[in-house]
Amino acid sequence: MAIRLTADRAEINADGEDVAILKVEALDKEGRPVPTANNLISFKVSGEGALIGVGNGDPNCQESDKDPKRSLFNGLAQVIVQSTKRPGEIRIEAVKEGWDGPELTPAKVSIATRLAELRPFVPITRRRE
């Protein structure tokens, strides 16, 4: 079995605000989804981005939405990464954590971050009364 990572976009803005959503799937040796997989998957994000959230659609899941790991639910999970303000590349790696369940081949994907104009910053000043 293997893990497949699929990003919703291949490129995002390097503005410190743009995000990409990645679908995490367990696949059998024929490349078909495995809806019974519930493995714990760990994520490593490097380069010009950061992991800002994970999920799996399970309303009873008590795992943190901010930890860099998530159990599959019906063979699926989701990762959200956000760009920094520097153009480059975000690299995401997914690996099986722990000894439970069948072995899963790790997956890697990269998302390009392109130079983008930053929104103007207007400082907030308070009036004195």
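The notes below deal with the structure included here.

Thresholds, definitions, all that
Residues numbered from 1 in each chain as written. Predicted model: local features only at pLDDT ≥ 70, side-chain atom pairs only at ≥ 80, totals over all residues. Heavy atoms only, no water. Pairing = 2+ DSSP bridges. Helix = DSSP H or I, 4+ residues; strand = E, 2+ residues; numbered from the N terminus. Axes fitted to C-alpha atoms, helices over the stretch in contact; angles between N-to-C directions. Buried < 20%, exposed > 50% of the residue type's maximum accessible area, 1.4 Å probe, protein only. Contact = heavy atoms within 4.5 Å. Core = buried A, V, L, I, M, F, W, Y, C linked by side-chain atoms within 4.5 Å.

**Observations concerning the sheet that holds strand β2 (residues 11–14)**
Item 1. In spatial order, the strands read β2-β9-β8-β4-β6; together these 5 strands make up an open sheet with mixed pairing. Edge positions in the sheet fall to β2 and β6 (69–71), since each of these pairs with one other strand and no more. The mean inter-strand angle of the sheet, taken between neighbouring strand axes irrespective of direction, is 30 degrees.
Item 2. Inspection of the sheet shows β2 paired to strand β9 (residues 107–115) by 4 bridges, in the parallel sense. What sits directly across from A14, in β9, is L115.

**Description of the environment of E103**
Item 1. Relative to the elements of secondary structure, E103 occurs in the loop between β8 (88–97) and β9.
Item 2. When its relative accessible area of 56% is taken as the criterion, E103 is described as exposed.
Item 3. Residues E103 and A2, spaced 101 residues apart in sequence, show a C-alpha to C-alpha distance of 7.8 Å.
Item 4. Discounting residues that sit within four places of it in the chain, E103 has contacts with M1 and K96.

**Things to note about the sheet that holds strand β7 (residues 76–83)**
Item 1. Pairing in this open sheet of 4 strands is antiparallel, and the strands run β1-β3-β7-β5 from one edge to the other. Looking at strand neighbours, the two that pair on one side only are β1 (2–7) and β5 (49–55), the edges of this open sheet. Going from strand to strand, the sheet's axes swing by 25 degrees on average, the running direction of each strand aside.
Item 2. Both β5 and β7 contribute to a ladder of 6 bridges, which runs antiparallel. Looking at the pairing, G49 lines up with S83 of β7.

**Here we look at the pairing of β8**
Consecutive residues of a regular strand have side chains that alternate between opposite faces of the sheet.
Item 1. The sheet contact formed by strand β4 (residues 40–47) and β8 spans 8 bridges and is antiparallel. Counterpart to S42 in the pairing with β8 is V95.

**Some words on the nonpolar core**
Item 1. Membership of the largest hydrophobic core comes to 23 residues, with the highest contact counts inside it found for V24, V81 and I92.
Item 2. Mapped by element, the contributors of at least two residues to this core are β1, β3 (19–27), β4, β7, β8 and β9.
Item 3. Per element, the largest residue contribution to this core is 4 residues, and it comes from β3.
Item 4. Not counting residues within four places of it along the chain, the set of residues in contact with V24 comprises I3, R4, L5, F43, L72, G75, L76, A77, Q78 and V79.

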